[in-house]
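Observations on the three-dimensional arrangement
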Amino acid sequence: MALSAGLEGATELDITSLLQPRQGYLSKLGGGQEKGSKWNRRWFVLRDNILMYFNSPKDFTGFRDKPSGVVLLEECNVRTRDERGAPTNRPFTFVISQANGESVVLAADSENEMLEWMQAVRTSRMCITDADAISMSEARRRDTAEAELTNAMTRRANADAELAAIEDEWQSVQSEHHKVEMEKEKAEKELKELMARFKLRKSLLHWRHRKLTLSFRALITIVFRERIDGAKSTKGKSDLQAAMMQDELDIAVAARQKAEAAKRKSEEMLAKELTLKKEGELDARECEKTFAAESQKTYTVSQEESALLSEGAGNCRADTKEKEEVLALAMQLANLKAESELVQQQLKRRAPGLSAASGAEH
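Note that this is a predicted model, so its numbers are computed, not measured.

1. Regarding the pattern of salt bridges
Applying the stated criterion across every chain, the model contains 4 salt bridges. Salt-bridge contacts for E116 lead to R22; the nearest nitrogen and oxygen are separated by 2.8 Å. With E116 in helix α3 (residues 111–122) and R22 in strand β1 (residues 22–29), the pair connects residues that are 94 residues apart, well separated along the chain. A salt bridge links D160 to R156, with the nearest nitrogen and oxygen atoms 3.7 Å apart. Taken as a pair, D160 and R156 lie in helix α4 (residues 138–223) at a separation of 4 residues, close to a single helical turn. A relative accessible area of 40% means that D160 is categorised as partly exposed.

2. Quick look at the packing of aromatic side chains
As enumerated under the stated definition, the model contains 2 aromatic pairs in all. Taking 5.0 Å as the distance between ring centres and 85° as the angle between the ring planes, the aromatic pair formed by Y25 and W43 counts as edge-to-face. With Y25 in strand β1 and W43 in strand β2 (residues 39–47), this pair connects stretches of sequence that are 18 residues apart. With a centroid separation of 5.2 Å and an interplanar angle of 40°, the aromatic rings of F44 and Y53 are classed as tilted. In this structure F44 comes out as buried when scored by relative accessible area, which is 0%. Here R22 stacks its cationic end above the ring of W117, 5.0 Å away from the centre of that ring.

3. Description of the confidence of the model for the chain
Looking at the chain, pLDDT values average 78 and 79% of them are 70 or higher. Across the chain, the element-wise mean pLDDT spans from 40 in helix α1 (residues 2–8) up to 90 in β1. Across residues 313–318 the pLDDT falls below 50, and counting only partners more than four positions away or on other chains, this stretch makes 2 contacts in the model.

4. Things to note about the environment of E341
Examined against the element boundaries, E341 turns out to sit in helix α6 (residues 320–361). Residue E341 is classed as partly exposed on the basis of its relative accessible area, which comes to 48%. Considered as a pair, E341 and F291 are 50 residues apart in the sequence and their alpha carbons are 9.2 Å apart.

5. Thoughts on α3
With 12 residues, α3 should cover 16 Å at 1.5 Å per step; its first-to-last C-alpha distance of 16 Å lies within 8% of that length. Regarding α3, the residues found buried are E113, M114, W117, M118, Q119, A120, V121 and R122. In this structure S110 caps α3, since a side-chain oxygen of it lies 3.3 Å from the backbone nitrogen of E113.

6. Some details on a nonpolar patch on the surface
Residues F216, L219, I220, I222, V223 and F224 make up a contiguous nonpolar surface patch of about 570 Å² in total accessible area. You can see V223 is positioned in helix α4.

7. Re the pairing of strand β4 (residues 69–72)
Residues G69 and V71 of β4 are buried on one face, while the alternating residues V70 and L72, pointing to the opposite face, are not. The pairing of strand β3 (residues 50–54) with β4 spans 4 bridges and is antiparallel. Among the inter-strand pairings, M52 is bridged to a residue of β4, identified as V70.

8. Overview of the side chain of K28
With respect to the helices and strands, K28 occurs in strand β1. No salt bridge is formed by the buried K28; its nearest oppositely charged neighbour, E102, is found at 9.9 Å. Beyond its immediate stretch of four places on either side in the chain, K28 contacts K38, W39, N40, F44, Y53, V104, V105 and L106.

About the cut-offs
- Residues numbered from 1 in each chain as written.
- Predicted model: local features only at pLDDT ≥ 70, side-chain atom pairs only at ≥ 80, totals over all residues.
- Heavy atoms only, no water.
- Salt bridge = Lys/Arg side-chain N within 4 Å of Asp/Glu carboxyl O.
- Helix = DSSP H or I, 4+ residues; strand = E, 2+ residues; numbered from the N terminus.
- Buried < 20%, exposed > 50% of the residue type's maximum accessible area, 1.4 Å probe, protein only.
- Phe/Tyr/Trp six-rings, centres within 6.5 Å; stacked < 30°, edge-to-face > 60°.
- Lys NZ or Arg CZ within 6 Å of the ring centre and 35° of its normal.
- pLDDT = per-residue confidence, 0-100.
- Contact = heavy atoms within 4.5 Å.
- Expected span 1.5 Å × (residues − 1).
- Polar contact = N/O pair within 3.5 Å; in protein donor to acceptor, adjacent residues only side chain to side chain.
- Patch = residues over 30% accessible without salt bridge, like charges linked within 9 Å, V, L, I, M, F, W, Y side chains within 5 Å.
- Areas by Shrake-Rupley, 256 points an atom, 1.4 Å probe, with all protein chains shown as cover.
- Pairing = 2+ DSSP bridges.
- Lys, Arg positive; Asp, Glu negative; His and termini not counted.

Okay, here's the thing in structure tokens:
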């Protein structure tokens, strides 16, 4: 039956509270049909077979107050709304259908609240839950409802027993977990102790190794002291010899540097001598040319003078102009002789220097 199916979803509800007056907020679809579009939030109060609604809880102070609307639950049917044909954003919706075809669509805020309201409507007095119960008498319907309530309480007790068994298992799991935690703490404590022992043993081994190393070094020093002293003296001598060789090497390097400097200086002097030699040769050539020219001029003047003397120029009387020309020629001849003597002296001075330079070159 539909009542049994509804009670299966409400096994965890307080059955005794369903027989008490119920009140709370629900959303009501306007228009009195399932095809309305406007939802109104109202304060609903269920008492016996009457479902009243008010605008707010302040409007309800007692059952003598005039409600905004009343729904009679005699020969009504309550069911969840089929949302396949009319999708909405209110998933927790149920419908109270009257025998005359009218219906009231209500929406709760949660699934649990919807199931509680549906069960409260079903258990209200003179409420028909399905079409088969229309032909039943009121006493039979009440007996059926009480039997369903008993079955629901039995299922509730079974669920409580299963919950208690689950809690017992959870307690056992908790105890096992506690034991595992204790074993873990114990293992961590043992691990810390082992680590401390390991560090202590490591430090002892390190100290022992260092002590043995120092003892071995002291023993080696005592046994091989003579050899060590001999090696030290040999090393000192070799260091001294190396220092002396280094000094000699420095002296040789300095001498080599001086020799290279002297060589460079001699090469520079040789280059200067070669330059001077070339210049002297050029000057000698020019002097020889000049001497030859002057000798030629002197010879020419002498020839002219001898010619004049042979012609009797000394006995003739020349005029003043001719005398002046003769005197001028005599002066030029004297100057040429002096210049030729000076050139000869310069050539004599340079000749020994040129011969010495040529000898040094060879």
